[in-house]
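Chain by chain, the residues:
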Amino acid sequence: MTEMVTPGDVLGNAAELKPGKGAYVNDNTIYASLTGSRRIVSPLPESLDQRATVEVTGHKAHGLIPEPGSLVLARVTKVMARMASVDILCVGSKAVREKFAGVIRQQDVRETEIDKVEIHQSFRPGDIVRAMVLSLGDSRAYYLSTAKNELGVVSAESAAGETMVPISWTEMQCPLSGQTEQRKVAKVA
């Protein structure tokens, strides 16, 4: 009998199984990151790791799905005191077919001086942000992080409607008006 699972469902213990496609580990527990059938794959006899692999297969309708460790591009939809809500647009370089919600919490904005982070000085609604998926999170919103130099705001629009230019890792400037605004800017390679 095949067991149907959805994202966030427990698939097993990481001491007994290893995660395969559509699965991830958090605190020694393996969870589903896709909707589909739970399947156990036996290890090859010559494999050093003799744990079986648990994976989720069969449901192709979703297309690309964010998984922990994935880099995503997202549009900021709402900024609150302790978090920013986003809609995930791309996983890696590929656009997603359906809408995925994400949250960037205050403690996940940057690596240093976490207690001094002010969300409204890091993001604004409409900003395009490069972030890393931390986990599925709660209420079906992915937890995202911008706590690396290459992560953060990659595109923002000024009040004048112009695309702003980064001038430091904390500021962007409107080329038309010269006005600067605070952001957590992604370092471009």
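See above for the structure.
The sections below set out a description of the structure shown in this document. Quantities reported herein were computed from a predicted structural model and do not represent experimental measurements.

### What about the pattern of salt bridges?
Step number 1: Across all of its chains, the model carries seven salt bridges by this definition.
Step number 2: One salt bridge connects E55 with R39, and the closest N-O pair in it is separated by 2.7 Å. In this pair, E55 sits in strand 7 (residues 52–57) while R39 sits in strand 6 (residues 36–41), placing the two residues 16 residues apart along the sequence.
Step number 3: Look at E55 and you get buried, because its relative accessible area is 13%.
Step number 4: On the basis of relative accessibility, which here comes to 41%, the residue R39 falls in the partly exposed class.
Step number 5: Measuring nitrogen to oxygen at the nearest pair gives 2.9 Å for the salt bridge that ties E181 to R124.

### Points about the pairing of strand 10 (residues 94–105)
Consecutive side chains of a regular strand alternate in pointing toward one face of the sheet and then the other.
Step number 1: Where strand 9 (residues 83–91) meets strand 10, eight bridges bridge the pair, whose relative direction is antiparallel. Paired with V86 across the bridge in strand 10 is G102.
Step number 2: In this antiparallel pair of consecutive strands, strand 9 and strand 10, the connection spans two residues, and G92 shows a positive phi of 65 degrees.
Step number 3: With four bridges joining them, strand 10 and strand 12 (residues 141–145) adopt parallel strand pairing. Directly across from I104, in strand 12, lies its bridge partner L144.

### Some remarks on empty space enclosed by the protein
Step number 1: Applying the stated criterion across every chain yields a total of one cavity of 30 Å³ or more.
Step number 2: Roughly 30 Å³ of internal volume is contained in the largest cavity.
Step number 3: Lining the largest cavity we find P7, G8, Y24, A32, S33, P66, P68, S135, L136 and Y142.
Step number 4: Residues belonging to the lining of the largest cavity are distributed by class as follows: seven nonpolar, three polar and no charged.
Step number 5: The residue makeup of the lining of the largest cavity includes at least three contributed by each of domain 1 (3–58) and domain 2 (70–182).

### Considering the side chain of D127
Step number 1: With respect to the secondary-structure elements, D127 resides in the loop between strand 10 and strand 11 (128–135).
Step number 2: You can call D127 buried: its relative accessible area is 1%.
Step number 3: Here the side chain of D127 touches R124 through a polar contact of 2.9 Å, landing on its backbone nitrogen.
Step number 4: At 2.6 Å, the side chain of D127 forms a polar contact with the side chain of R183.
Step number 5: Apart from residues lying up to four places away in sequence, D127 is in contact with A74, R75, V76, V153, S155, A156 and R183.

### Let's talk about the sheet that holds strand 15 (residues 171–173)
Step number 1: Pairing in this open sheet of three strands is antiparallel, and the strands run 14-15-16 from one edge to the other. The open sheet is flanked by strand 14 (165–166) and strand 16 (180–182), the only strands paired with a single partner.

### Overview of the nonpolar core
Step number 1: Ranked by internal contacts, the top residues of the largest apolar core, which has 38 residues, are L11, F123, Y142 and L144.
Step number 2: Residue assignment for this core shows that the elements contributing at least two residues are strand 4 (23–26), strand 5 (29–32), strand 7, strand 8 (71–79), strand 9, strand 10, strand 11 and strand 12.
Step number 3: In terms of residues, this core owes the most to one element, strand 9, which gives four residues.
Step number 4: Split by domain, this core shows at least three residues from each of two domains, domain 1 (3–58) and domain 2 (70–182).
Step number 5: Not counting residues up to four positions away in its chain, the partners in contact with L11 are V5, L17, A23, I30, Y31, A32, R38, V54 and V56.

Criteria and cut-off values
Residues numbered from 1 in each chain as written. Predicted model: local features only at pLDDT ≥ 70, side-chain atom pairs only at ≥ 80, totals over all residues. Heavy atoms only, no water. Salt bridge = Lys/Arg side-chain N within 4 Å of Asp/Glu carboxyl O. Helix = DSSP H or I, 4+ residues; strand = E, 2+ residues; numbered from the N terminus. Buried < 20%, exposed > 50% of the residue type's maximum accessible area, 1.4 Å probe, protein only. Pairing = 2+ DSSP bridges. 1 Å grid on protein atoms, 1.4 Å probe; cavity = no way out; pocket = protein on both sides within 12 Å on 5 of 7 lines; lining within 4 Å. Points joined across faces, edges and corners; volume = space filled by probe spheres on them. Nonpolar A, V, L, I, M, F, W, Y, C, P; charged D, E, K, R; others polar. Domains from an automatic or database assignment. Polar contact = N/O pair within 3.5 Å; in protein donor to acceptor, adjacent residues only side chain to side chain. Contact = heavy atoms within 4.5 Å. Core = buried A, V, L, I, M, F, W, Y, C linked by side-chain atoms within 4.5 Å.

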